[in-house]
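# Per-entry structural report
Okay, here's what each chain looks like letter by letter:
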Amino acid sequence: MRKYMIHAILAALVLGIFVGYLIFLVDPDTGKAVASYLELVSTLFLRLIKMIIAPLVFSTLVVGITHVGESNQIGRIFIKTMTWFIAASLVSLLLGLLMVNILRPGDALNIPIPDAHAATGLKTSALSLQNFVEHLVPRSIIEAMANNEILQIVVFSVFFGVAIASLGDKGKLIVQGIDELAHVMLIVTGYVMTFAPLAVFAAVAATVAKQGLWVLLVFAKFMGGFYLSLLLLWGLLALGGFLVLGPRVLRLLGMMRGPILLAFSTASSEAAYPKTLEALEQFGVPNRIASFVLPMGYSFNLDGSMMYCTFASLFIAQAYGVVLPLGTQLTMLLILMLTSKGMAGVPRASLVVIAATLNQFAIPEAGLLLIMGIDQFLDMGRSATNVVGNSIATAVVSRWEGALGEERPAGADDAFLDEPAAA
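Treat the numbers as computed from the prediction; the structure is a model and nothing was measured.

Right, let's get into the nonpolar core. Counting 117 residues, the largest nonpolar core has Phe222, Tyr308 and Ile371 as the members making the most contacts within it. With twelve residues, the top contributor of residues to this core is helix H2 (residues 28–68). Counting residues in each nonpolar core, the second largest holds five residues, with Ala35, Leu38, Ala205 and Ala206 among its members.

Across all of its chains, the model carries nine aromatic pairs by this definition. With 5.7 Å between their ring centres and 25 degrees between their planes, phenylalanine 156 and phenylalanine 160 make a pair best called stacked. Taken together, the residues phenylalanine 156 and phenylalanine 160, both in helix H6 (residues 150–166) and four residues apart, mark about one turn of the helix. You can call phenylalanine 160 partly exposed: its relative accessible area is 29%. Here the aromatic rings of phenylalanine 226 and tyrosine 227 are separated by 5.9 Å at their centres, their planes lie at 80 degrees, and the arrangement is edge-to-face. Judged by its relative accessible area of 0%, phenylalanine 226 is buried. We classify tyrosine 227 as partly exposed; its relative accessible area is 25%. Site record: aromatic cluster; members linked through ring pairs are Phe222, Phe226, Tyr227, Tyr308, Phe311 and Phe315. Here the basic side chain of arginine 248 rests over the ring of phenylalanine 283, its NZ or CZ set 4.2 Å away from the ring centre. The residue whose ring lies beneath arginine 382 is tyrosine 308, and the NZ or CZ to ring-centre distance is 4.2 Å.

The next subject is the packing of helix H11 (residues 248–255) against helix H13 (residues 273–283). The contact between H11 and H13 brings their axes to 10 Å, and the two run at 145 degrees. Handedness of the H11/H13 crossing: right-handed. Here Arg248, Arg251, Leu252 and Met255 of H11 lie close against H13, whose contacting residues are Ala279, Leu280, Gln282 and Phe283. Here the residues of the contact of H11 with H13 sort into five nonpolar, one polar and two charged.

A few words on the pattern of salt bridges. Scanning the entire structure with this criterion turns up seven salt bridges. Residue arginine 251 is joined to glutamate 407 by a salt bridge in which the shortest nitrogen-to-oxygen separation is 2.8 Å. In this pair, arginine 251 sits in helix H11 while glutamate 407 sits in the segment after helix H19 (375–400), placing the two residues 156 residues apart along the sequence. Assessed through its relative accessible area of 40%, arginine 251 is described here as partly exposed. Taking the shortest distance from any N to any O, the salt bridge between glutamate 278 and lysine 275 comes out at 3.4 Å. One end of the pair is glutamate 278 and the other is lysine 275, both in helix H13 and three residues apart, which spans about a single turn. Taking the relative accessible area as the measure of exposure, glutamate 278 reaches 36% and is therefore partly exposed. Look at lysine 275 and you get buried, because its relative accessible area is 13%. Among the charged side chains, a salt-bridge network with shared partners connects Arg76, Lys80 and Glu401.

So, how was this worked out
Residues numbered from 1 in each chain as written. Predicted model: local features only at pLDDT ≥ 70, side-chain atom pairs only at ≥ 80, totals over all residues. Heavy atoms only, no water. Core = buried A, V, L, I, M, F, W, Y, C linked by side-chain atoms within 4.5 Å. Buried < 20%, exposed > 50% of the residue type's maximum accessible area, 1.4 Å probe, protein only. Helix = DSSP H or I, 4+ residues; strand = E, 2+ residues; numbered from the N terminus. Phe/Tyr/Trp six-rings, centres within 6.5 Å; stacked < 30°, edge-to-face > 60°. Lys NZ or Arg CZ within 6 Å of the ring centre and 35° of its normal. Axes fitted to C-alpha atoms, helices over the stretch in contact; angles between N-to-C directions. Left-handed = near helix turned anticlockwise from the far one by under 90°. Contact = heavy atoms within 4.5 Å. Nonpolar A, V, L, I, M, F, W, Y, C, P; charged D, E, K, R; others polar. Salt bridge = Lys/Arg side-chain N within 4 Å of Asp/Glu carboxyl O.

Worth remembering: the numbers are spatial, not functional.
Written out as structure tokens, the structure reads:
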């Protein structure tokens, strides 16, 4: 992302807060009406992003797999990727558990606790382990693409890519066509991203106009503790990256500031996917690895969202005065480790996962009503952290494969087909 786009998004973020608060001060009821129109702008932008995600993931992943070559190489990359994802998941969940026990933001809550039988409106029945495993394989690739089910698209693309690779020279024409599709989708991405500052302004202004800034002050300790925990998680992820990448991890984070800012301001890590992929390739990650690891990360490596699950669950327990022994908390962590892998594609995913977990530990599910009002602001930090975690994971796997190259100049047009397969 060019510097002027980053500056435009930052300006839109600040302007959105200012304009939204002015609207709220004039008349809160009017603010809600105006917010509905502003939300339309940000919703249209996110729909534009979702429009390109499925073909972009499919095309880049299929071409990447055909360049990996033999199936044993695919298996090796998969094992290395999942090793990092599982380690990062455990670190994220443990850090959330540790920080919420140290800071204890729920103890100081001075607002009325909602009724224990209050409805949250969240559907949790679809988050069982059995349903998640069944959900891995698409009933139809058309349905999976229509619903932007990234994990199902990844499963189909792996089978499709391996099948094309098995054709040898006969499959080159198909690969070339899909490669051109990937380039077209990247051009479309550039068109869509020109609307990013407008969408950021609309999203932030709508949230502030509808709720004002008071909602941030009421939960200042909870939000401050959560964002402090996110910063610590960033540090741990960067430290893990430093052990593998060396000082280059700092350069990687610098190159990711555009996608991170976009994910933060739109509260959507999906919105940053195309630019994250582009920045990784500019950093020196081969497309065949970036297009394989990054889509998997959107299903298995949502570090910010996973840390939020333990942090928010125990915050609600503290707010209700529910005492959970350490052993029970660790059991909750292991349950969240499994259920969090089904978050991709689920609306308000983190809240749904938390709701599915609370009732197993005698914590009123209605406690979610305490944090629903500020979830948009919390989701901004979660989304940005997801981008950080996935970008570091992709670069680390590339280094483990001995395929991490030198940084390429911005705007370099490197065709996917020109990349050599790993030895």
